[in-house]
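Descriptive analysis of the structure
Given next are the chains, with one letter for each unit.
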Amino acid sequence: QESRFTATKRDLALETVLKARNYEGLKRVFAAPVQIAAVLEVVRALGTCDLAAIEAACGLTSQQAARIVIWLLKYGFIARYSLK
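Residues numbered from 1 in each chain as written. Predicted model: local features only at pLDDT ≥ 70, side-chain atom pairs only at ≥ 80, totals over all residues. Heavy atoms only, no water.

Remark on secondary structure: sheet strands pair via backbone hydrogen bonds, oriented parallel or antiparallel. Taken in spatial order, the 3 strands of this open sheet run β2-β1-β3, and their pairing is antiparallel. The open sheet has two free edges, formed respectively by β2 (48-50) and β3 (78-81), since each of these has just one partner strand. On average, adjacent strands in this sheet sit at an angle of 40 degrees to one another, irrespective of strand direction. Where strand β1 (residues 4-7) meets β3, 4 bridges bridge the pair, whose relative direction is antiparallel. Across the sheet, the residue bridging to Thr6 is Ala79, located in β3. Helix α3 (residues 51-58) contacts β1 and β2 of the sheet and is inclined by roughly 90 degrees relative to β2. Across the face of the sheet, helix α4 (residues 62-74) comes into contact with β1 and β3 while running at roughly 105 degrees to β3. (Pairing = 2+ DSSP bridges. Helix = DSSP H or I, 4+ residues; strand = E, 2+ residues; numbered from the N terminus. Axes fitted to C-alpha atoms, helices over the stretch in contact; angles between N-to-C directions. Contact = heavy atoms within 4.5 Å.)

Counted by the stated rule, this structure contains 3 aromatic pairs. Here the aromatic cluster, defined as three or more aromatic residues joined through ring pairs, consists of Phe30, Trp71, Tyr75 and Phe77. One cation-aromatic arrangement involves Arg10 over Phe77; the distance from NZ or CZ to the ring centre is 5.0 Å. (Phe/Tyr/Trp six-rings, centres within 6.5 Å; stacked < 30°, edge-to-face > 60°. Lys NZ or Arg CZ within 6 Å of the ring centre and 35° of its normal.)

Here is a general trend for soluble globular proteins: nonpolar side chains tend to be buried in one another's company. Core analysis: the largest hydrophobic core is formed by 23 residues, its most contacted members being Leu14, Ile36, Val39, Ile54, Trp71, Leu72 and Phe77. Secondary-structure elements contributing two or more residues to this core are α1 (14-21), α2 (33-46), α3 and α4. Excluding its chain neighbours within four sequence positions, the residues that come into contact with Leu72 are Leu14, Ile36, Val39, Leu40, Phe77 and Ile78. (Core = buried A, V, L, I, M, F, W, Y, C linked by side-chain atoms within 4.5 Å. Buried < 20%, exposed > 50% of the residue type's maximum accessible area, 1.4 Å probe, protein only.)

Next up on the list: the packing of α2 against α4. Axis separation between α2 and α4 bottoms out at 10 Å; the angle between their running directions is 75 degrees. Compared by their axis directions, α2 and α4 come out roughly perpendicular. Here α2 contributes Gln35, Ile36, Val39 and Leu40 to the contact with α4, which in turn contributes Gln64, Ile68, Val69, Trp71 and Leu72. Taken together, the residues that form the contact of α2 with α4 break down as 7 nonpolar, 2 polar and no charged. (Parallel < 35°, antiparallel > 145°, perpendicular 65-115°, else oblique. Nonpolar A, V, L, I, M, F, W, Y, C, P; charged D, E, K, R; others polar.)

So this is what it looks like as structure tokens:
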């Protein structure tokens, strides 16, 4: 079964977390901040979605979308969605 994702109610802004992590300064950029923000906006707009929907809406490869989704899950911006 394909995983589906939904946005969480996170008080901390995405930009704040990206700035605090300083990926660009550390030269550990896994995705451009605009791509990360775009994925989060797609998940918010769709309510629930899978990786295929994210890839299509953002023009990302499956690997790019997966990396961003993992990061967003790690920092609590999105969660896995379950009907149960």
